[in-house]
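Residue-level structure breakdown
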Amino acid sequence: RTLWPKADPAVVQRAATRHTRAMQFSAVPGAVSAVRAVRNARIATVLFTSRRHDDNIVHHLTRIGFGDQDFDHIHAVTDTVPPKSATNALRYLLDTLEALAVTKALQKAWVVGDSIREAELALETDCCGFIGVLTGAATAEDIEQFGNRITVVRSVADVEDLVPSL
């Protein structure tokens, strides 16, 4: 209040919260090399995030080691895009990729995630398999219950080893 007597405390709090969240944005070990291995195999890569575009996603991705060409598309929450947890979110994303010509004939897509909800979203579509990473709350047993379109790895770094079989 001393520095900015007319400042709206709510605005200052939102700015501080956004800055604090940005500082917490970090790459999971092995993520950058795994994404690049997928890209080098000429497989489309998409970041499917719960963050909003106004969180300066591209800036933070660059800060943690990703480059401009690492993702074909960044799917973030906006007023017109369903959130990651919505039942139609993955179908919306796949349709968006086809519309953007990121993939012309989508035969198979893989979702890499660490939660049961992400596994459910992947398997709700006919063309998605799921690579479950054991760095989240889900256990191997939790993920494997979804059947044969599931692969479980200990960390995202292990995804790189799967690329030849994708």
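To keep things clear, this report deals only with the structure shown in the data block.

Calculation notes
- Residues numbered from 1 in each chain as written.
- Predicted model: local features only at pLDDT ≥ 70, side-chain atom pairs only at ≥ 80, totals over all residues.
- Heavy atoms only, no water.
- Salt bridge = Lys/Arg side-chain N within 4 Å of Asp/Glu carboxyl O.
- Helix = DSSP H or I, 4+ residues; strand = E, 2+ residues; numbered from the N terminus.
- Buried < 20%, exposed > 50% of the residue type's maximum accessible area, 1.4 Å probe, protein only.
- Contact = heavy atoms within 4.5 Å.
- Right-handed = clockwise from strand over helix to strand, strands pointing away.
- Pairing = 2+ DSSP bridges.
- Axes fitted to C-alpha atoms, helices over the stretch in contact; angles between N-to-C directions.

Here the structure, examined in full by the defined rule, presents five salt bridges. The salt bridge partner of arginine 36 is aspartate 70, with a shortest N-O separation of 3.0 Å. Of this pair, arginine 36 sits in helix α2 (residues 31-40) while aspartate 70 sits in the loop between α3 (57-63) and β2 (73-77), placing them 34 residues apart in sequence. Classification of aspartate 70 as buried rests on a relative accessible area of 7%.

For the rest of this paragraph, the subject is the environment of leucine 162. Following the sequence through the fold, leucine 162 ends up in helix α7 (residues 159-162). Residue leucine 162 is classed as buried on the basis of its relative accessible area, which comes to 18%. For the pair formed by leucine 162 and alanine 34, sequence separation is 128 residues and the distance between their alpha carbons is 9.4 Å. Residues contacting leucine 162, with those up to four places away along its chain left out, are Ile131, Thr151 and Val153.

For the rest of this paragraph, the subject is the pairing of strand β4 (residues 128-133). In terms of burial, β4 is a largely internal element, six of the six residues being buried. Because side chains alternate across β4, one face comprises the buried residues Cys128, Phe130 and Gly132, and the other comprises Gly129, Ile131 and Val133, equally buried. Following the chain from strand β3 (residues 109-113) across helix α5 (residues 116-123) to the adjacent parallel β4, one finds a crossover that is right-handed. Relative to strand β5 (residues 150-153), β4 is paired through four bridges, and the arrangement is parallel. Within β5, the residue paired with valine 133 across the bridge is valine 153.

Moving on, we get to the sheet that holds β5. On the basis of which strands lie adjacent, the open sheet formed by three strands has the order β3-β4-β5 and parallel pairing. Pairing within the sheet leaves two strands with one partner each, and these edge strands are β3 and β5. Geometrically, the sheet is characterised by an average inter-axis angle of 20° between neighbouring strands, direction not taken into account. Relative to β4, β3 runs parallel, the two being bridged by five bridges. Of the residues in β4, the one forming a bridge with glycine 113 is glycine 132.

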